[in-house]
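A closer look at the structure
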Amino acid sequence: MKIIGTGSALPEKTVTNDDLAAFLDTSDEWIRPRTGIRSRRVISREKLDALAASAAQAALADAGLDASGVDFILCSNVCGEYMTPGLSCIIQGLIGASCPSLDINAACAGFVYALYTANAFMAASGYDRILIVCAEENSRLVDWADRSTCVLFGDAAAAAVVERSAGKPFFHLRTSSNLDSLFARYAPGNSPYAPDQPPRAFLSMQGSFVFKQAVSTMCGDIRAVLEKSGVSEAEVDLFLLHQANYRIIKTIIDRMGAPEDRFPHNIGNYGNTSSASVPLLLDELKRAGRINRGDKVVFSAFGAGLTSAACYMEWE
Ligand code: UT7
């Protein structure tokens, strides 16, 4: 499998740390040194499905394809406007595709899980090209009165088209079930048979626990996937990590001992965009000409579940 096109789409509205401090007991002085975040994009008048479709169309155009050129659509999404149908079905209609589609929810690790799924689908079926779209409306998931979570997240959509090829990616996936440290809960239904359902819960996170888990899990996943591929840490040109907190990325850089410029980051501008963060970074780097044929690339992400995944591939 190889990646033959990328694209992204962001909401128009930029919200700075100072904007948040206007209605929350927080400050740029607190947020920036602890997270690296300066601003984030937040959905206001747009719709997530339209952003997702724009990202998909940009990735198709980058790959030199139209919607009829893909055999399957995989969408990674935690939260949007609709519970059902899945966002992948809405994207299929908006871009004018006719292929089947499927949603996955592996939280912030969703892009790497989608790469794994696409690779497995290609091996198991006749599919030659699969469109992956990661689209996240975190502004709908967080409590805007909770300074410990809402300042961290942003909204975004990013996409990649993958194609069957001789290149062999390596993966390392894991799930370590933990409901308390990171979760959000639907509003209760009105079933007369289940009167005691718990109330809706916006996103809740045990920040310092999740921070430590993120560092140790991502370091372990990266080492595991490199061991499988037979490539050393020093040989890797780019480590594209989930953008949750620059301090997490910096701690991983220090543990890995690889040069800092091999760990590009854009969290300062977008905050944590969940599964969209890795493909958004990939699209920025690709457009800036920072990824070249033959580059050894590692993707690694971590999120609610707790899920995590790493992928190694040589850029074709
Ligand atoms: O993508 C999913 C995975 N998510 C992550 O990877 C996030 C991982 N966790 C983190 O990035 C960090 O733990 C945070 C950035 C969330 C928090 O940083 P921290 O250094 O662990 O801070 P803390 O949670 O220990 O909070 C320290 C203090 C608390 O006050 P007290 O109890 O010490 O008086 C908080 O109430 O900072 C307070 N605080 C804030 N103050 C101003 C929490 N949020 C804010 C805020 N502004 N926005």
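The structure contained in this document is the topic of the report that follows. (Residues numbered from 1 in each chain as written. Predicted model: local features only at pLDDT ≥ 70, side-chain atom pairs only at ≥ 80, totals over all residues. Heavy atoms only, no water.)

Some thoughts on the nonpolar core
The biggest cluster of nonpolar side chains holds 42 residues, and the ones touching the most others in it are I222, L226, F239, L241, I252 and F263. Take this core: its biggest share by element is 9 residues, from helix α7 (residues 207-229). Each of domain 1 (2-163) and domain 2 (170-314) gives at least three residues to this core. Not counting chain neighbours up to four residues away, the residues in contact with F263 comprise F239, L241, I249, I252, I253, M256 and A258. One finds A106, A118, A160 and F299 within the second-largest nonpolar core, a separate group that totals 39 residues. (Core = buried A, V, L, I, M, F, W, Y, C linked by side-chain atoms within 4.5 Å. Buried < 20%, exposed > 50% of the residue type's maximum accessible area, 1.4 Å probe, protein only. Helix = DSSP H or I, 4+ residues; strand = E, 2+ residues; numbered from the N terminus. Domains from an automatic or database assignment. Contact = heavy atoms within 4.5 Å.)

A word on the site of the ligand
Around the ligand, the structure places 22 residues, and the nearest of them are T26, R147, H242, N245 and N272. The separation between a nitrogen atom of the ligand and a polar side-chain atom of T26 is 2.6 Å. Within the side chain of W30, an N or O atom sits 3.2 Å from an oxygen atom of the ligand. Contact with the protein chains hides 69% of the accessible area of the ligand, taken as 960 Å² for the molecule alone. Within the residue set of the shell around the ligand, elements represented by two or more residues are α2 (28-35), α6 (147-150), α7 and α8 (246-256). The greatest single-element share of the shell around the ligand, amounting to 4 residues, is contributed by α7. In terms of residue class, the shell around the ligand is made up of 10 nonpolar, 8 polar and 4 charged. Of the domains in this structure, domain 1 (2-163) and domain 2 (170-314) are the two that each give at least three residues to the shell around the ligand. (Near = heavy atom within 4 Å. Polar contact = N/O pair within 3.5 Å; in protein donor to acceptor, adjacent residues only side chain to side chain. Areas by Shrake-Rupley, 256 points an atom, 1.4 Å probe, with all protein chains shown as cover. Nonpolar A, V, L, I, M, F, W, Y, C, P; charged D, E, K, R; others polar.)

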